Every structure is written in C-alpha cells, then in structure tokens.
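Summary of structural features
Residues per chain, in single letters:
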Amino acid sequence: MKKRRSYHVFALGAVTLWALAYVLTRLALRCFSPFSLGFLRYATAAIALVPVLVVTRARPPALRDFPLFLLSGGFGFFLYMVAFNLGSVTVPAAESSALVATAPILTALLARVVFQERLTLVQWIAMAVAFCGIVNLTLPAGGMHFSGGLLWILLSVFSMSAYNLVQRKLTGRYSALQSSAYSIAAGALLLSVFAPKAAGELTRAPWEAVAAVLALGVLCGAAAYGLWAAALSRAPRMSAASSYMFLIPPLAALFGYVAAGERPTLHTIAGGGVILAGLLLFYMGGKTRPGRFSG
C-alpha cells in the first residue's frame, strides 16, 4: 500500500519538470533554432537514459517492433518537437502549456475513431468546453485571424495524441520506461538530420543556453519520463496519475513569470481557465463509467 501511495511523489516530480520545459525552451530558443534544439534535447535525453536501461537490465526492442518505435518517435518527438519549438518562438509558456494539456482529450477522441472506444456524455461536453477555451486563445481579442505560433502548438498537440495511440500498443509489449526510452532514441535518430546545424550553433552558444539544453534533455526529458514511468507503475489507475497533468499549465505560467518575466494576460488566463475546466470535467466524466477509456 505504501508503494502505491508513493506514485504521488513521482507524478508530481514529472509534471513539475515538464512545466519547467516550457520556460527552458523559450530561453534556449534565444540561441538555438527550433530544429537544432529539438535534436539536442532528445539526443541528450537518449544518452542520459542509456545507464538507466543498463542498470534495469532492459531487454532490447524486437526487430519486428522497429517500425512502431520509429512511428512513435516520429510523432512523439520529431514532429512534436519541431512543431512545439516553432510555436514556442512566439507563444508564451502559459498559453502553450494550456493547449498541450488538451492532448489527453484529443487522444480519447482519436481512440474513439481508431479503436472504437466509448466516451461518456459528460466527456463529450468537456471536449466542447475545452474547444471553446482553445478558440479563445487562438483568436486574439482584436481580430479574427489565427496566430501562426498557436497553430504550430496545435499541431504538436495532434502529434502527441497520435504518439499516445502508438504507445498504447507498445506498452502492451514493453514496460513504460522501455517504451519511452526506445521512442526517444528513435526520435533523436530522426532529428539527427538537424545535427550539422545544431553542432554549429552549439559551438557559438553561451553557457547559459547550453545549460538550458542540458536541463531540457536530462531533467525534462530523461528524468521526467523516468519519474512518469514510475508513477504509472505504482498508481492504482492510470487516470489517478494522469490527473496530475492538470497542474502543468499553472506551474508553467508560474515558472514563466518567475524565470522569464512572462506576465499572463487576462485573455490568456480566461482561455487557460476554460481549458482547465474542460480537462477537469473530462477527468470527472471518465469516473462515471468504470473500465472505459478516459484519455
């Protein structure tokens, strides 16, 4: 029982590091291009995970699963990282974290289409509420045109949701740590097309930017995924751990204000608040039908 209760510590540690990633990304993008940063972050994470896999005696992926890991790495780290970094050039941490936090809802919607998984009426209503919050963020108060940066963030949300669907299949064959580590390695391999440019930028970057990249890879990448794997393995239900993701937007906004001086506007607070309300309603709605997929 004590081991099961300990998942709270691991889940809180993971979401705190993920929230910090939004601010560190904004800081690192001052010296690195979005493509270079994506490669450096996950190459660092993959290297940092090697000793963890050795200590835990993780079995290597089967040859037949290589395409799945490439697909997982392509959606979850290549496309996600490129789109997220491009969006983060102009989108503050508070807004981007609120949008990315909707990934579990979009995952559930895609699972309804792909796997024919059922959703409750409350969850459909919750998705409508969250969509209203997204509209509030993507349509600025002064006009009816979409922000390019926010559209990139929305693409990253879709890629992360597709990644979750692939992970659903992989975690049936591998542990959460193995599946995450091998997917990160596949993503770093795909991102290596940006390695030459990244190497040039790395030699010119100040130590503060390099430190941000290392923190993104080791802390927000390898450590966060390791903590999350531990949380999922200890939690009595997956939803019990995933509910901690609701803390990411407010934590990202707090870190953005403290570390980068990003003051969230009333427009951002209103949109983020509506999205969080939708997320909470979606989570509560999933409790009304035990055994059903709730994202």
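If you're wondering where the values come from, they're calculated on a predicted model, not measured in any experiment. (Residues numbered from 1 in each chain as written. Predicted model: local features only at pLDDT ≥ 70, side-chain atom pairs only at ≥ 80, totals over all residues. Heavy atoms only, no water.)

Structural notes on the packing of helix H2 (residues 7–28) against helix H4 (residues 66–88)
Threshold: In this analysis an axis means a line fitted to C-alpha atoms, helices contributing only their contacting stretch, and an angle means the value between N-to-C directions, from 0 to 180 degrees. What counts as a helix is a DSSP run of H or I of at least four residues, what counts as a strand is a run of E of at least two, and both are numbered from the N terminus. Roughly parallel here means an angle under 35 degrees, roughly antiparallel means over 145, roughly perpendicular means 65 to 115, and every remaining angle is called oblique. Definitions for this section: a left-handed crossing has its near helix turned counterclockwise from the far helix by less than a right angle. A right-handed crossing has that turn clockwise. Note on contacts: a residue pair is in contact if any heavy atoms of the two residues lie within 4.5 Å. Amino acids are sorted into nonpolar (Ala, Val, Leu, Ile, Met, Phe, Trp, Tyr, Cys and Pro), charged (Asp, Glu, Lys and Arg) and polar (every other residue, Gly among them).
Packing of H2 against H4 brings their axes to within 9 Å, and their N-to-C directions diverge by 70 degrees. The angle between H2 and H4 places the two elements in the roughly perpendicular class. The element H2 and its partner H4 pack so that their crossing is right-handed. Of the residues in H4, those in contact with Tyr22, Thr25 and Arg26 of H2 are Phe84, Asn85 and Ser88. Its residues assigned to classes, the contact of H2 with H4 shows 2 nonpolar, 3 polar and 1 charged.

As for the pattern of salt bridges
To keep it simple, the criterion reads: Salt bridge, as used here, is a side-chain nitrogen of Lys or Arg placed within 4 Å of a carboxyl oxygen of Asp or Glu. Only protein chains enter the accessibility calculation, which uses a 1.4 Å probe; a residue is then buried when its area is under 20% of its type maximum, exposed when over 50%, and partly exposed in between.
Counted under the stated rule, the structure contains 2 salt bridges. The salt bridge involving aspartate 65 is made with arginine 173; its shortest N-O contact spans 2.2 Å. With aspartate 65 in the loop between helix H3 (34–55) and H4 and arginine 173 in the loop between helix H8 (148–170) and helix H9 (176–191), this residue pair connects regions lying 108 residues apart in the sequence. In this structure arginine 173 comes out as partly exposed when scored by relative accessible area, which is 29%. One continuous salt-bridge network, built from bridges that share partners, spans Arg64, Asp65 and Arg173.

Structural notes on the side chain of threonine 44
Residue placement: threonine 44 occurs in helix H3. Not counting residues within four places of it along the chain, the set of residues in contact with threonine 44 comprises Leu214, Gly217 and Val218.

Quick word on the environment of glutamine 167
With respect to the secondary-structure elements, glutamine 167 resides in helix H8. Spatially, the C-alpha atoms of glutamine 167 and glycine 73 are 10.0 Å apart, while their sequence positions differ by 94 residues. Ignoring sequence-local partners within four residues, the contact set of glutamine 167 consists of Ser72, Ser179, Ser180 and Ser183.

Thoughts on the environment of alanine 270
By the element assignment, alanine 270 lies in helix H14 (residues 266–286). Under the relative-accessibility criterion, alanine 270 is labelled partly exposed at 39%. Separated by 137 residues in sequence, alanine 270 and glycine 133 have C-alpha atoms that sit 7.7 Å apart.

A look at the side chain of serine 72
The topology assignment puts serine 72 in helix H4. The residues contacting serine 72, other than those within four sequence positions of it, are Phe77, Tyr163, Val166, Gln167, Leu170 and Ser183.

Thoughts on the nonpolar core
Heads up, the condition is: The term nonpolar core refers to a set of buried residues drawn from Ala, Val, Leu, Ile, Met, Phe, Trp, Tyr and Cys, joined through side-chain atoms within 4.5 Å.
By size, the foremost hydrophobic cluster in this structure holds 75 residues, and its most contacted members are Trp18, Tyr42 and Ile184. Looking at this core element by element, the count peaks at 12 residues for helix H11 (residues 207–234). Beyond its immediate chain neighbours, meaning those up to four positions away, tryptophan 18 contacts Cys220, Ala224, Tyr225, Trp228 and Ile248.

Details of the packing of aromatic side chains
Put simply, the rule reads: A pair of Phe, Tyr and Trp rings is counted when the ring centres sit within 6.5 Å of each other, with Trp represented by its six-membered ring. The angle between the planes then sorts it: under 30 degrees is stacked, over 60 is edge-to-face, the rest tilted.
A complete count under the given rule lists 10 aromatic pairs for this structure. On the basis of an interplanar angle of 65 degrees and a centroid distance of 5.3 Å, the ring pair of phenylalanine 69 and tyrosine 174 is categorised as edge-to-face. Of this pair, phenylalanine 69 sits in helix H4 while tyrosine 174 sits in the loop between H8 and H9, and the two are 105 residues apart along the sequence. Just as phenylalanine 69 is buried, tyrosine 174 falls in that class too. Taken together, the ring pairs in this structure connect Tyr22, Tyr80 and Phe84 into an aromatic cluster.

What about H9?
What counts is decided by this rule: Multiply 1.5 Å by the residue count of a helix minus one, and that product is the helix's expected span.
With 16 residues, H9 extends 22 Å between its outermost C-alpha atoms, agreeing within 8% with the 22 Å of an ideal straight helix rising 1.5 Å per residue. Buried within H9 are the following residues: Leu177, Gln178, Ser179, Ser180, Ala181, Tyr182, Ser183, Ile184, Ala186, Gly187, Ala188 and Leu191.

Quick look at a nonpolar patch on the surface
The cut-off we apply is this: Only residues above 30% relative accessible area that lack a salt bridge enter a patch, with like-charged residues linked at up to 9 Å and the nonpolar side chains Val, Leu, Ile, Met, Phe, Trp and Tyr linked at up to 5 Å. All accessibility values rest on the Shrake-Rupley procedure with a 1.4 Å probe; residue burial counts only the protein chains present in the view.
A surface patch of nonpolar side chains, about 510 Å² in accessible area, is lined by Leu109, Leu121, Val122, Trp124, Ile125 and Leu281. The leading source of residues in the nonpolar patch is helix H7 (residues 121–138), at 4 residues. Classification of valine 122 by relative accessible area gives partly exposed; the value is 31%.

So, the packing of H3 against H4
Contact geometry of H3 with H4 gives a least axis separation of 9 Å together with a crossing angle of 135 degrees. Here H3 lies oblique to H4, going by the angle between them. As H3 runs across H4, the sense of the crossing is right-handed. Residue-level contacts link Pro34, Phe35, Leu37, Gly38, Arg41 and Tyr42 of H3 to Phe77, Met81, Val82, Asn85 and Leu86 of H4. When grouped by side-chain class, the residues that make up the contact of H3 with H4 number 8 nonpolar, 2 polar and 1 charged.

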